[in-house]
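# Survey of secondary and tertiary structure
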Amino acid sequence: MKIVIIGNGMVGYKFCEKLLAKKGTGTAELVVFGEEMRPAYDRVHLSEYFAGKSADELTLAPAAWYADNGITLHLGDPVQSIDRVHQTVHSFKGITEHYDYLVLATGSAAFVPPIPGVEKQGVFIYRTIEDLEMMTDYARHAKKGAVIGGGLLGLEAAKAMLDLGITDTQVIEFAPRLMPRQIDDAGSHTLRTKLEALGLHIRTNTNTTAILGDEHITAMQFADDSTIEVDMLVISAGIKPRDELAKLCGLETGHRGGIVVNDQLSTNDPHIFAIGECALHKGMIYGLVAPGYEMADVVAANLCGGSKSFTGFDMSTKLKLIGVDVASFGDPFINAHEGRSITWEDTHKGVYKRINVSPDGKHLLGGILVGDADQYNMLLQTCKNKVVLPPNPEDVILGARGGAADSGAGVTSLPDDALICSCESITKLDICQAVSEKGCETVDAIKKCTKAGTGCGGCVPMVKDLVNHTLKANGKYVRNVLCEHFAYSRQELFDLVKVHDLKSYEAVLDKLGKGDGCETCKPAVASIIASLWNEMILQKGNATAQDSNDRYLANIQKGGTYSVVPRIPGGEITPEKLIVIGQVAVKYNLYTKITGGQRIDLFGAHVSDLPLIWEELIAAGFESGHAYGKALRTVKSCVGSTWCRFGLHDSVSYAIRIEERYRGLRAPHKLKSAVSGCIRECAEAQSKDFGIIATEKGWNLYVCGNGGSKPQHALLLATDIDSDTCIQYIDRFLMFYIKTADPLTRTATWLNKMEGGINYLRNVVVNDSLGIAAQLEAEMQLLVDNYKCEWKEVVDNPELRKRFNHFVNAPAEKDPSVQFQPMREQKRAAEWK
Amino acid sequence: MLTLEQTMTWFTACRVEDVPENGGVCVKYKDEQIALFHFTRRGAWYATQNECPHRQQMALSRGMIGSQDEEPKVACPFHKKTFSLQSGKCLSGDDYVIKTYPVKVEDGFVYIGMEE
């Protein structure tokens, strides 16, 4: 397939880039014709050329990039005609190219009003690097400047004039105000006042009738017959689409210019597309780069067999014009019957803000910010996502005034010198400073800048919280999305996966995400799927979306061997089963150790031995202990009333009941539990995600504790409840946690971030304040009913067993790089470097 | 291209169906271990050294694959260091570079190209 692209501007370039990304090099032949001598450059930041940026720095990709990717690039060679019958284009230098598809990205030219004298020397347009070079030369002899056009481009041009050293510059606008398309009268007035304070002269309501002078411009004349002296003029009064070629070959164009396209950006010839500023979509020319890029993406996707539509584009913008913030979003001008407007003005500082609110006061429809646009992103998100406004909508531009400050917990309560990443010795202050002072706004940026989270990775969720919190404290709006592939929080994704009934990672990515996924979203989504349906995690293509431990149903250890932990509910085990564990350990040469959770861990197993080991364990009545999963691990117990002279209830039997109920339950993070038979608390239940302590009258239930890097005691949720009620509360608590927590967030951290804390949680779980208790119980029951030992399923399934080999082409061989060293009559993994 | 063909030996790694979709396997070639990935989502195959240079662990074939921006990558299961499957460069801020190998598929068999 051969695709010819006419135009090597920003949008034409982006099209090449998108097509390569989707199709790969070499599958489609790309030929590009550009009129200018340079490869595509960043026209949006053209004025930075005057501020010292070189033409090379503005270049989007060097000529070598096109060659490396197999793209033929003809520069300085505009296409002269298109032959639609034979599907060929003919260029200025005489090249004739056949095309299967033709993409017109011809952009726009400056609109020059027909004023007598526009041809004189010293009159410029402001469009290309060549224009800038000519302006720079001429400006050396100029003292009095003028710009026709008080819109976005006109003010950019005025900035360029100031940068060129022409401080005496006038802006001449035909309309009654500056930036008439983006802002209202009052906003325009504020902008004007600020620009005048910077030394610009501004004339609105002014119609230029003549440009005076002999060869060179010397003055301008206006409709009221007044004149001003000018020796350099830039015309920046708007754009007109470059549709000459399209007209010439009979493509449909609009009355006021622009190549007519449909939602697929196809012209009336199905082999020809038009994108960017030359395209007229539903009567609209999009004069910004972002919608142009979106159009490029749509055409690239469709040419690669996709089906994507262009359905219009949000024209919200925020820019800095000559040092003054100007932003408009949503619908900046509404009529009285569509809603009401709230405006706020500070004439001293030169700040104007307007928000348009729906008639019921619930939603933000649009607005304008001049002089201070810090709230732009937050307001834009509020507007686009239809976030419900606070009872006093003015709070969104003025901030909450008076009332209680929000109570902080979690990362906010940590002192500045708290060690967050112990691998790299990074403190809370280091991270907050990287966010505030070095502009790191993502976990990845923090990793690159401070190295925090690059060691074991255990601190990454806390780093994320700190980044978000610091950004919030700096007034930036934060949406807690999973990663670059999913624009949803885990909680949102959980609900969406359920609603759409999705059961594989690939299906979730296709329906709700983009790109190819990564090591962040894969395990998070796999966990959501497991928490929703509790199906075998290695089937439906989900094996490769699991984190390594889940993929091999064992914990990877130093050297690449695995450890095996059979479930021993409540820590109770028969002598016969103990003997089997010992026999298996001897047979497969494994190191054995008692774990902190009253189980036995067998280390040093080769990946290919895992199914054999489990076959023997399962035959002896064991099942998986899920020590490898973000899942329920163990329910520890003290011996309780069956033997202990202080015991109030049979804590072992209750621990076994709890462990067998929740075994295999997957959650955002691991879950630990314990049951103590009396207040002496030998099982340490108050350090668990949920812990139960016997009382004279029943059980006390504690939740959201953990050991680990930041130990936290569990909090009392309910007192003196019977065994069934306790399980009912745990069902609700766990399911509420599973549905709402962020990825890799333990229950303690989840509670710390919860507004209202334990009182809110108690209301939800015990008092059913949200009316979801029955639903939570039903959802948990489904998971309990679907439980199967996943190791038994692997052992019984030859297809699954096949994946447990080190070499795909030598299944009988073990990894020769595995090394052990002897230690205290057993062995250990060789130390890594 | 001619010189490339002369010095490249293609050896048979496995059948297409031996490699899980969107995942990897480890291939033995003489004394070397090579991680082979079937990036089904992109319709692409990639091969790299199996050893993660961070702690010299033979583990990359067991890592999760995915993309960062448009760059295909693999994350080591040990400490989640990520590497480009195209250039071999480390994408998580370290200076490591891993070896990559060309892959071709013919008649249901996967071949990896080794420079001799």
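In this text, all values refer to a predicted model and were calculated from it rather than measured experimentally.

Our next topic: the overall build of chain A. Broken down by element type, chain A carries 26 helices and 39 strands. The 833 residues of chain A split such that 45% are buried. Across chain A, contacts joining residues at least 24 apart in sequence account for 62% of those joining residues at least 6 apart.

On to the overall build of chain B. Each helix and strand counted, chain B has one helix and twelve strands in total. Tracing chain B from N to C terminus, the helices and strands come up as α-β-β-β-β-β-β-β-β-β-β-β-β. Counting over 116 residues, chain B shows a buried share of 46%. At a minimum sequence separation of 6, the contacts of chain B that also span at least 24 residues come to 42%.

This brings us to the sheet that holds strand 15 (residues 227-229) of chain A. All names here are of chain A. In space, the three strands of this open sheet follow the order 13-14-15, with antiparallel pairing throughout. Two strands bound the open sheet, and with one partner strand each, they are strand 13 (208-212) and strand 15. Recorded for the sheet is a direction-independent mean angle of 20° between the axes of neighbouring strands. In terms of strand pairing, strand 14 (residues 219-222) meets strand 15 through three bridges, oriented antiparallel. Paired with Met220 across the two strands is Ile228, which belongs to strand 15.

All names here are of chain A. Along its 15 residues, helix 8 (residues 289-303) runs 21 Å from first to last C-alpha, staying within 8% of the 21 Å computed at 1.5 Å per residue. Looking at helix 8, one finds that the buried residues are Pro291, Gly292, Tyr293, Met295, Ala296, Asp297, Val298, Val299, Ala300 and Leu303. Here the buried face of helix 8 lies against strand 1 (2-6), helix 1 (10-23), strand 7 (101-104), strand 19 (272-274) and strand 20 (279-281). Gly305, located one to two residues past helix 8, shows a positive phi value of around 90°.

Attention now moves to helix 12 (residues 443-450) of chain A. Count 3.6 residues to each turn of an α-helix, and residues three or four apart come out pointing the same way. Residues and elements named next belong to chain A. Within the sequence span of helix 12, burial applies to Val443, Ile446, Lys447 and Thr450. One face of helix 12 carries all of its buried residues, which in axial projection span an arc of 100°. Buried residues along helix 12 sit against strand 28 (426-427), helix 11 (428-438) and helix 13 (460-473). Of the residues trailing helix 12, Lys451 is marked for its positive phi of about 75°.

All names here are of chain A. Among the seven residues that make up strand 26 (residues 364-370), seven are buried, leaving the element largely enclosed by the rest of the structure. Bridge count for strand 23 (residues 324-330) against strand 26 is five bridges, and the pairing is antiparallel. If you follow Val326 over to strand 26, its bridge partner there is Val370. In the sheet, strand 25 (residues 351-357) pairs with strand 26 via six bridges, with the strands oriented antiparallel. When the sheet's bridge partners are listed, Arg354 is paired in strand 26 with Ile368. Counting the residues that bridge the hairpin from strand 25 to strand 26 gives six residues, and of these Gly361 lies at a positive phi of roughly 75°.

Looking now at the pairing of strand 39 (residues 826-829) of chain A. Residues and elements named next belong to chain A. Strand direction decides the pairing type here: strand 38 (residues 820-823) and strand 39, joined by four bridges, are antiparallel. By the bridge assignment for strand 39, Pro822 is matched with Lys827. Hairpin connection of strand 38 to strand 39: two residues between the antiparallel strands, including Arg824 at a positive phi of 40°.

Once that is clear, we can look at the nonpolar core. All names here are of chain A. Ranked by size, the top nonpolar core spans 59 residues in total, and within it Val147, Ala157, Leu191, Leu233, Val234 and Val326 carry the most contacts. With seven residues, the top contributor of residues to this core is helix 5 (residues 152-163). Residues contacting Val234, with those up to four places away along its chain left out, are Phe124, Tyr126, Val147, Ala157 and Met161. Counting residues in each nonpolar core, the second largest holds 50 residues, with Val4, Val32, Leu265 and Ala279 among its members.

With that settled, the discussion passes to the environment of His500(A). All names here are of chain A. Considering the arrangement of structural elements, one finds His500 in the loop between helix 14 (490-499) and helix 15 (505-512). Taking the number of C-beta atoms within 10 Å as the measure of exposure, His500 has 12 and is therefore exposed. Once the C-alpha coordinates of His500 and Lys511 are considered, the two residues, eleven residues apart in sequence, prove to be 8.6 Å apart.

Let's shift gears to the sheet that holds strand 16 (residues 232-235) of chain A. Residue and element names in this part refer to chain A. One open sheet holds the five strands; their spatial order is 9-16-10-11-12, and the pairing between them is parallel. Both edges of this open sheet fall to strand 9 (123-125) and strand 12 (201-203), since each of them pairs with a single strand only. Within this sheet the neighbouring strands show an average axis-to-axis angle of 20°, counted without direction. Both strand 11 (residues 168-172) and strand 12 contribute to a ladder of three bridges, which runs parallel. Residue pairing in the sheet places Val171 in a bridge with Ile202 of strand 12. Its contacts with the sheet put helix 4 (residues 129-139) on strand 9 and strand 16, and the angle it makes with strand 9 is roughly 150°.

With that settled, the discussion passes to the interface of chain B and chain A. Interface size, as often reported, equals the accessible area lost upon joining of the parts. Opposite the 34 residues of chain B that make contact, chain A presents 31 residues. Those elements giving two or more residues to the side of chain B that touches chain A turn out to be strand 1 (8-15), strand 2 (23-29), strand 6 (57-58), strand 7 (64-68) and strand 8 (71-75) of chain B. Looking at which element gives the most residues to the side of chain B that touches chain A, the answer is strand 2 of chain B, with five residues. Residue composition of the side of chain B that touches chain A, grouped by class: 13 nonpolar, twelve polar and nine charged.

Turning our attention to unusual backbone geometry. Here Glu684(A), not a glycine, exhibits a phi torsion of approximately 55°, which is positive. Its place among the elements puts Glu684(A) in the loop between strand 34 (671-676) and strand 35 (690-694).

Let us look at the packing of helix 11 of chain A against helix 12 of chain A. All names here are of chain A. Closest axis-to-axis distance for the helix 11/helix 12 pair is 10 Å, and the angle between their directions is 105°. Taken together, the axes of helix 11 and helix 12 lie roughly perpendicular to each other. Where helix 11 approaches helix 12, its residues Asp430, Ile431, Ala434 and Lys438 are matched on the opposing element by Ile446, Cys449 and Thr450. Counted by class, the contact of helix 11 with helix 12 contains four nonpolar, one polar and two charged residues.

Quick look at the confidence of the model for chain A now. Residues shown with low pLDDT carry predicted positions that ought not to be read at fine detail. Residue and element names in this part refer to chain A. Mean pLDDT over chain A: 89, with 96% of residues reaching 70 or higher. Within chain A, helix 9 (residues 376-384) has the poorest average pLDDT of any element, 74, and strand 34 the best, 97. Long-range and interchain partners of residues 402-409, a stretch whose pLDDT sits below 50, account for four contacts in this model, where long-range means more than four residues apart.

Let us look at the confidence of the model for chain B. Residues and elements named next belong to chain B. Looking at chain B, the pLDDT average stands at 89 and 95% of residues meet or exceed 70. Looking at the elements of chain B, mean pLDDT is at its lowest for helix 1 (residues 2-7), recorded as 53, and at its highest for strand 4 (residues 44-49), recorded as 95. Here the prediction assigns the complex a pTM of 0.54, and the interface score ipTM is 0.91.

Next up on the list: the environment of Ile568(A). Residues and elements named next belong to chain A. Here Ile568 lies in the loop between strand 30 (562-564) and helix 18 (575-587). On the basis of neighbour count, Ile568 is assigned to the buried category, with 21 C-beta atoms found within 10 Å. As for Ile568 and Gly625, which are separated by 57 residues in sequence, their C-alpha atoms are 7.4 Å apart. Contact partners of Ile568, with chain neighbours within four places excluded, come to Ile573, Gln598, Arg599 and Ile600.

The rules behind each value
- Once a new chain begins, its residue numbering starts again from 1 and follows that chain's sequence as written.
- Chains and ligands are labelled by the order in which they are written, letters from A for the one and numbers from 1 for the other.
- Given that this is a predicted model, residues contribute local features only at a pLDDT of at least 70 and side-chain atom pairs are listed and counted only at 80 or more, while totals for whole chains, interfaces and linings are drawn from all residues.
- Secondary structure elements are defined from DSSP: runs of H or I of at least 4 residues count as helices, runs of E of at least 2 residues count as strands, and each element is numbered from the N terminus.
- Residues with at least 20 neighbouring C-beta atoms inside 10 Å of their own are called buried, those with 12 or fewer are called exposed, and the rest are partly exposed, where every C-beta is derived from the backbone.
- With C-beta atoms placed from the backbone, a contact is any residue pair whose C-beta atoms sit within 7 Å.
- Any two strands with at least two DSSP-identified bridges between them are counted as paired.
- Fitted lines through C-alpha atoms give the axes, limited to the stretch in contact for helices. The angle between two N-to-C directions lies from 0 to 180 degrees.
- For a helix, the expected span equals 1.5 Å multiplied by the residue count minus one.
- By definition, the arc is the one covered by directions from the helix axis to the C-beta atoms.
- Joined through C-beta atoms within 7 Å, a set of buried Ala, Val, Leu, Ile, Met, Phe, Trp, Tyr and Cys residues constitutes a nonpolar core.
- Just so you know the grouping, Ala, Val, Leu, Ile, Met, Phe, Trp, Tyr, Cys and Pro go in nonpolar, Asp, Glu, Lys and Arg go in charged, and all remaining residues, Gly too, go in polar.
- Note on angle classes: values under 35 degrees are labelled roughly parallel, values over 145 roughly antiparallel, values of 65 to 115 roughly perpendicular, and the remainder oblique.
- For every residue, the predictor assigns a confidence score, pLDDT, that lies between 0 and 100.

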